[in-house]
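A structural walkthrough
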Amino acid sequence: MASNSTKSFLADAGYGEQELDANSALMELDKGLRSGKLGEQCEAVVRFPRLFQKYPFPILINSAFLKLADVFRVGMLGSLASIIPERKNAHHSIRQSLDSHDNVEVEAAVFAAANFSAQSKDFAVGICNKISEMIQGLATPVDLKLKLIPILQHMHHDAILASSARQLLQQLVTAYPSTRMVIVSLHTFTLLAASSLVDTPKQIQLLLQYLKNDPRKAVKRLAIQDLKLLANKTPHTWSRENIQALCECALQTPYDSLKLGMLSVLATLSGTIAVKHYFSIASGNVGSSPRSSDLVKLAQECCYHNNRGIAAHGVRVLTNITVSCQEKDLLALEQDAVFGLESLLVLCSQDDSPGAQATLKIALNCMVKLAKGRPHLSQSVVETLLTQLHSAQDTARILMCHCLAAIAMQLPVLGDGMLGDLVELYKVIGRSATDKQQELLVSLATVIFVASQKALSAEVKAVIKQQLESVSNGWTVYRIARQASRMGNHDMARELYQTLLTQVASEHFYFWLNSLKEFSHAEQCLTGLQEENYSSALSCIAESLKFYHKGIASLTAASTPLNPLSFQCEFVKLRIDLLQAFSQLICTCNSLKTSPPPAIATTIAMTLGNDLQRCGRISNQMKLSMEEFRSLASRYGDLYQASFDADSATLRNVELQQQSCLLISHAIEALILDPESASFQEYGSTGAAHADSEYERRMMSVYNHVLEEVESLNRKYTPVSYMHTACLCNAIISLLKVPLSFQRYFFQKLQSTSIKLALSPSPRNPAEPIAVQNNQQLALKVEGVVQHGSKPGLFRRIQSVCLNVSSTLQSKSGQDYKIPIDNMTNEMEQRVEPHNDYFSTQFLLNFAILGTHNITVESSVKDANGIVWKTGPRTTIFVKSLEDPYSQQIRLQQQQAQQPLQQQQQRNAYTRF
């Protein structure tokens, strides 16, 4: 067979071998299709096009397609299950193929049955008895039974169906004790329980029973794997007895591989609500102390195990218990966790192997969690990291820098203490230009930026620049400058961007770097702001706006059709408009001194019945300022909704800018325009302690301070006084003194999602309209494809697509008839769920008015959390509504009938004259 296959392949390739005739070639390919080896089947399939090219005879092509159809008939149905789940003829075909005597067809039917059972409740209910009969039938081979059993995992559409499938699986586990049958049945059992959510506690008990009593290691490993699955999916269903039984098994087993698996399950459970159930007081029993439990005993034993994985999971369990159980007498447990983490850190930081680095990541994550949950332990954790940082390998150093940055973000008070050690370390690292050294330069610089909190000192900047000049490449400098922009160190970022301008070959890259330099310079101008010095604030804002306008010009030049930089341009434009609004508000506040209300202002206010008019022109200016800030808040909201692919930190940054606009708008209303009805309940403290970044923490602190000042002045003084204007100006200065953070999405797009729409009918030329008669409706079909980048669904996924279709009349033709308003426009909306990133729907549009209509189709998406995102695109086509022939004929006849009457009337008029 193999020699014949090689011979024919060489002949088809044209290497001088004797060619076969058409029938012989087809027979040989048929043998390949019927082969039991997947490789030979694939080879036979891909050689069919060559056969059609050499022998383009209808009889041979028909025969070949029939043979291919036999292979793909049921298998292709299985692949189409998500598209045609309720197609009854497909259900019938699969049921018939299960009774086939052809093994290939039966296997394809099993595949299709599994896919359709997952999608269709009707098919699952109808096929369940058939599958049960085949599994229990004595004539069914064991190999086929092993393929049929996994179909039962999809019998979860209702409780009765799940119960019958569970009973069958229980019988199989008892009746067929062989290893393969037990493994397949148990795993199907677990998947069914995880989907139905009804029998999960029973399944946990069954798996623990097999783990404890079955002597086969393969079955034990399967039980551990399934317990891990249930621990991840349904930790709330684990009882205290379940965890205790798992702890006892882990304490008793002599095998490290099994102990590692059980500890992995316990580590997962220790980070969930299950650990609180374990240490809670059971009904009728005295609650056990965490220090004396078997779970803690097991974790303490494993913390210093010679197997790194076991030690890592032991430390992870101790850390989670320490953080979750907020008790006062856990000092010994805390020390065990810290000592275990220190030993793991020393052990793994000297090893560059992948296993050691994976263990180190677990230990460092535990350190971050411990520092956040137990702040009094954070100092010792940081000292341990800084000490070990000097002697660790470069790969470990990078991970440790990430850990230090995360701790410093959560606890800024620790930043100053670690800054000296970090700068000293930065002087001695990076002696070579290897990738690890470059990555370490970036990671360590990031920690320095986080730890410095405020502007970098001249000494620190000199150390960083000196090190970068000696060993770094341009990409490393750019990454460090990018981190400086994210952390608000704009002075350092501007200098680094300046050094890169002459190191790029592309014109677009030059303009991009130049725009970043100008933006950093603009933000640096705002660092000189001082409270109570309003003239200086106006000068700083004007200087900042000058550099921002230069930057937006460079940014526009850096955009390309493939990379339009739409988010960056809109974000910077909003920043420019916000600075201008701040400047205008300060000028408005100063106008109370430069242009006080006239002497007759009180009389005018009494005449108009508006008490605010006694303040003069400042009242109208304040109203305009409030509307401007509300408009800016709305635009920031639109930018938020358009940023579907942005990371959460970037979205939070946009949200903070929006809240700044709303804060100033509320302050203007509460202090000046409407003090009586101002409410401060909805603007209360939002908890700055839960902020994820130093920028957010400082902004939230400013918000709370401004609100307190506004509330203290509200209704205390009659508006408008110098106290009110000073409060507004100080609020602006406080907001601008917090250095702006340019988040990741401004520089880097980790997730890419776009929608491409196709409309039918569509004109050949986009400028040409589609002709439609006015007495007919146009069936507009909208098809779309969701396109993804390299990391689809990294931050959020599309749940459904909302299509909005609207039409407007561009130009009329013919007489202006009185037509109902409903017939003049079309406004429709539909929601569709994409299947395999494809969706389609139809709209019926009415064009009763003669003329040219503009149809606009706009798409937006809804994610899994129900949030609507205005992603676009927006597509436009033109339709020309024409008069139908019958109406046109009637109208012409009426006109012809009216012409003699008009002529007679004209003759009569002439005669009278």
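Sequence positions are assigned chain by chain, starting from 1 and proceeding in written order. Only residues with pLDDT of 70 or above have their local features reported here, since the model is predicted, and side-chain atom pairs are shown and tallied only from 80 upward, although totals for entire chains, interfaces and linings are computed over all residues. Calculated side-chain values reflect all of the structure's heavy atoms, with hydrogen atoms and water omitted.

1. What to know about the nonpolar core
Working definition of a nonpolar core: buried Ala, Val, Leu, Ile, Met, Phe, Trp, Tyr and Cys residues. They are joined through side-chain atoms within 4.5 Å. Categorising residues by exposure relies on relative accessible area from a 1.4 Å probe, with only protein chains included: less than 20% of the type maximum marks a residue as buried, more than 50% marks it as exposed, and the intermediate range marks it as partly exposed. Counting residues in each nonpolar core, the largest one holds 259 residues, and the members touching the most others are Trp-238 and Tyr-426. A helix here means a DSSP run of H or I that spans at least four residues, while a strand means a run of E at least two residues long, and both kinds are numbered starting from the N terminus. Here the element with the most residues in this core is helix α30 (residues 566–594); it accounts for 14 residues. Domains are outlined according to an automatic or database domain assignment. Residues lining this core come from more than one domain, with at least three contributed by each of domain 2 (518–746) and domain 3 (753–812 + 821–895). Excluding residues that lie within four positions of it along the chain, Tyr-426 makes contacts with Leu-441, Leu-444, Ala-445, Ile-448, Val-463, Ile-464, Gln-467, Leu-468 and Ile-480. Throughout, a residue-residue contact means that at least one pair of heavy atoms, one from each residue, lies within 4.5 Å.

2. Focus on the pattern of salt bridges
One side-chain nitrogen of Lys or Arg within 4 Å of one carboxyl oxygen of Asp or Glu is enough to make a salt bridge. Counting across every chain of the model gives 30 salt bridges. Between Lys-121 and Asp-158 there is a salt bridge, with the nearest N and O atoms lying 3.9 Å from each other. With Lys-121 in helix α8 (residues 121–136) and Asp-158 in the loop between α9 (142–148) and α10 (159–175), this pair connects stretches of sequence that are 37 residues apart. The class for Lys-121 is partly exposed, based on a relative accessible area of 41%. Ionic pairing is found between Arg-635 and Glu-570, a salt bridge with its closest N-O pair at 3.9 Å. Taken together, the residues Arg-635 in helix α32 (residues 618–642) and Glu-570 in helix α30 connect sequence positions 65 residues apart.

3. Some words on the packing of aromatic side chains
The geometry of an aromatic ring pair is captured by two quantities: the separation of the ring centres and the angle between the planes. Between the rings of Phe, Tyr and Trp (Trp by its six-membered ring), a pair exists once the centres lie within 6.5 Å; its type follows the angle of the planes, with under 30 degrees stacked, over 60 edge-to-face, and the other angles tilted. In the structure shown here, the tally under the stated rule is 19 aromatic pairs. Judged by centre distance (4.8 Å) and plane angle (65 degrees), the ring pair of Phe-567 and Tyr-745 falls under edge-to-face. Placement of Phe-567 in helix α30 and of Tyr-745 in helix α36 (residues 744–747) is noted, with a sequence separation of 178 residues between them. Its relative accessible area of 7% is what places Phe-567 among the buried residues. Taken together, the ring pairs connect Trp-512, Phe-519, Tyr-548, Phe-567, Phe-571, Phe-742, Tyr-745, Phe-746 and Phe-747 into an aromatic cluster. In this structure, Lys-217 packs its charged tip against the face of Tyr-255, placed 4.4 Å from the ring centre. We call a charge positioned over a ring when the NZ of a Lys or the CZ of an Arg lies within 6 Å of the ring centre and within 35 degrees of the ring normal.

4. Structural notes on the environment of Gln-388
Structurally, Gln-388 can be placed in helix α21 (residues 378–389). Of the residues examined, Gln-388 reaches a relative accessible area of 11% and is grouped as buried. The sequence separation of Gln-388 and Leu-345 amounts to 43 residues, and the corresponding C-alpha distance is 7.8 Å. Every residue in contact with Gln-388, bar those within four places of it in the chain, is listed here: Leu-345, Val-346, Ser-349, Gln-350 and Met-400.

5. Things to note about the sheet that holds strand β3 (residues 777–788)
Within a beta sheet, neighbouring strands are joined by backbone hydrogen bonds and run either parallel or antiparallel to one another. Taken together, three strands build an open sheet; the order of strands is β1-β3-β6 and the sheet is antiparallel. Either end of the sheet is taken by a strand with one partner, and the two such strands are β1 (753–760) and β6 (838–846). For this sheet the average axis-to-axis angle between neighbouring strands, irrespective of direction, equals 25 degrees. Summarising the sheet, β3 and β6 pair through nine bridges and their orientation is antiparallel. Residue Ala-779 lies in a different strand from β6, and its bridge partner there is Leu-844. Any two strands between which DSSP finds at least two bridges are classified as paired. For helices, the fitted axis covers only the stretch in contact; all axes are lines through C-alpha atoms, and the angles between them, taken along N-to-C directions, range from 0 to 180 degrees.

6. Focus: helix α15 (residues 256–270)
To estimate the expected span of a helix, subtract one from its residue number and multiply by 1.5 Å. Here α15 is 15 residues long and its end C-alpha atoms lie 20 Å apart, about the 21 Å a rise of 1.5 Å per residue gives. Here α15 lies mainly inside the structure; 12 of its 15 residues are buried. All of the buried residues in α15 are Leu-258, Lys-259, Gly-261, Met-262, Leu-263, Ser-264, Val-265, Leu-266, Ala-267, Thr-268, Leu-269 and Ser-270. Buried residues along α15 sit against α12 (200–213), α13 (217–233), α14 (240–252), α16 (273–279), α17 (294–302) and α18 (308–324).

7. Remarks on helix α35 (residues 722–737)
When the terminal C-alpha atoms of α35 are compared, their 22 Å separation across 16 residues agrees well with the 22 Å that a helix rising 1.5 Å per residue should span. Burial runs high along α35: 12 of the 16 residues are buried. For α35, the complete set of buried residues consists of His-724, Thr-725, Cys-727, Leu-728, Cys-729, Asn-730, Ala-731, Ile-732, Ile-733, Ser-734, Leu-735 and Leu-736.

8. Structural notes on the layout of surface pockets
The pocket and cavity definitions rest on a 1 Å grid over protein atoms only: a 1.4 Å probe that fits but cannot leave marks a cavity, an open set with protein on both sides within 12 Å along at least five of seven lines marks a pocket, and residues lining either have an atom within 4 Å of a point. Grid points are joined across faces, edges and corners, and a volume is the space filled by probe spheres set on the points. If you add up the space inside the largest pocket, you get close to 1300 Å³. Surrounding the largest pocket, 49 residues form its lining, Met-409, Val-450, Gln-483, Arg-486 and Met-487 being those nearest its centre. Breaking the lining of the largest pocket down by element, the ones donating at least two residues are α22 (394–410), α24 (435–452), α26 (474–487), α27 (490–500), α33 (648–673) and α34 (694–713). Considering every element that reaches the lining of the largest pocket, the biggest residue donor is α24, with six residues. Gly counts as polar in this scheme, as do all residues outside two lists: the nonpolar Ala, Val, Leu, Ile, Met, Phe, Trp, Tyr, Cys and Pro, and the charged Asp, Glu, Lys and Arg. For the lining of the largest pocket, a count of residues per class yields 17 nonpolar, 17 polar and 15 charged. Volume-wise, the second largest pocket comes out at about 890 Å³. What lines the second largest pocket is a set of 32 residues, and nearest its centre among them are Leu-565, Ser-566, Phe-567, Gln-568 and Lys-749. Breaking the lining of the second largest pocket down by element, the ones donating at least two residues are α28 (507–525), α30, α32, α36 and β1.

9. Quick notes on a negative patch on the surface
A cluster of acidic residues, Glu-531, Glu-532, Glu-708, Glu-709 and Glu-711, forms a negative patch on the protein surface. Tracing the chain through its elements places Glu-711 in helix α34. On the basis of relative accessibility, which here comes to 46%, the residue Glu-711 falls in the partly exposed class. Only residues whose relative accessible area exceeds 30% and that form no salt bridge are eligible for patches; like-charged ones are grouped when within 9 Å, while nonpolar side chains (Val, Leu, Ile, Met, Phe, Trp, Tyr) are grouped when within 5 Å. Here the open area of atoms and residues is found with the Shrake-Rupley method and a 1.4 Å probe, where only the protein chains shown may cover a residue. His residues and chain termini do not enter the charge count, which takes Lys and Arg as positive and Asp and Glu as negative. Charge positions are represented by NZ for Lys, CZ for Arg, CG for Asp and CD for Glu.

10. Things to note about the side chain of Ser-741
With respect to the element layout, Ser-741 can be found in the loop between α35 and α36. By relative accessible area, which is 2% here, Ser-741 ends up buried. Pairing of N or O atoms within 3.5 Å defines a polar contact, subject to two protein rules: one partner must be a possible hydrogen donor and the other a possible acceptor, and residues neighboring in sequence count only if both atoms are side-chain atoms. A distance of 2.6 Å separates the side chain of Ser-741 from the backbone oxygen of Arg-486, its partner in a polar contact. Ignoring sequence-local partners within four residues, the contact set of Ser-741 consists of Ser-485, Arg-486, Asn-653 and Tyr-695.

11. Considering the packing of helix α20 (residues 354–373) against α22
Here α20 crosses α22 at 15 degrees, and the two axes come no closer than 10 Å. By the criterion of interaxial angle, the relationship of α20 to α22 is roughly parallel. Crossing handedness for the pair α20 and α22: right-handed. Between α20 and α22, the residues in contact are Gln-357, Leu-360, Lys-361, Leu-364, Met-367, Val-368, Ala-371 and Lys-372 and Thr-395, Ala-396, Leu-399, Met-400, Cys-403, Ala-406, Ile-407 and Gln-410, respectively. Within the contact of α20 with α22, the residues separate by chemical class into 11 nonpolar, three polar and two charged. In these notes the angle categories are as follows: under 35 degrees is roughly parallel, over 145 is roughly antiparallel, 65 to 115 is roughly perpendicular, and the rest is oblique. Crossings are sorted by hand: turned counterclockwise from the far helix by less than a right angle, the near helix makes the crossing left-handed, and turned clockwise it makes it right-handed.

12. Remarks on the side chain of Lys-259
Its place among the elements puts Lys-259 in helix α15. Glu-301 provides the closest opposite charge to the buried, unpaired Lys-259, separated from it by 5.2 Å. With residues near it in sequence (within four places) discarded, Lys-259 still touches Ala-250, Thr-253, Cys-302 and Ile-310.

13. A few points about unusual backbone geometry
Most of the time, phi is negative for any residue but glycine, and the peptide bond is trans. Each neighbour pair has its own omega, and for Ser-760 with Pro-761 the value is 0 degrees, a cis peptide bond. As for its position among the elements, Pro-761 is in the loop between β1 and β2 (770–773). For the peptide bond that leads from Gly-872 to Pro-873, omega is 5 degrees, which places it in the cis range. Relative to the helices and strands, Pro-873 resides in the loop between β8 (868–869) and β9 (874–882). The backbone of Asn-836 sits at a positive phi, close to 55 degrees, despite the residue not being glycine. Relative to the assigned elements, Asn-836 resides in the loop between β5 (826–832) and β6.

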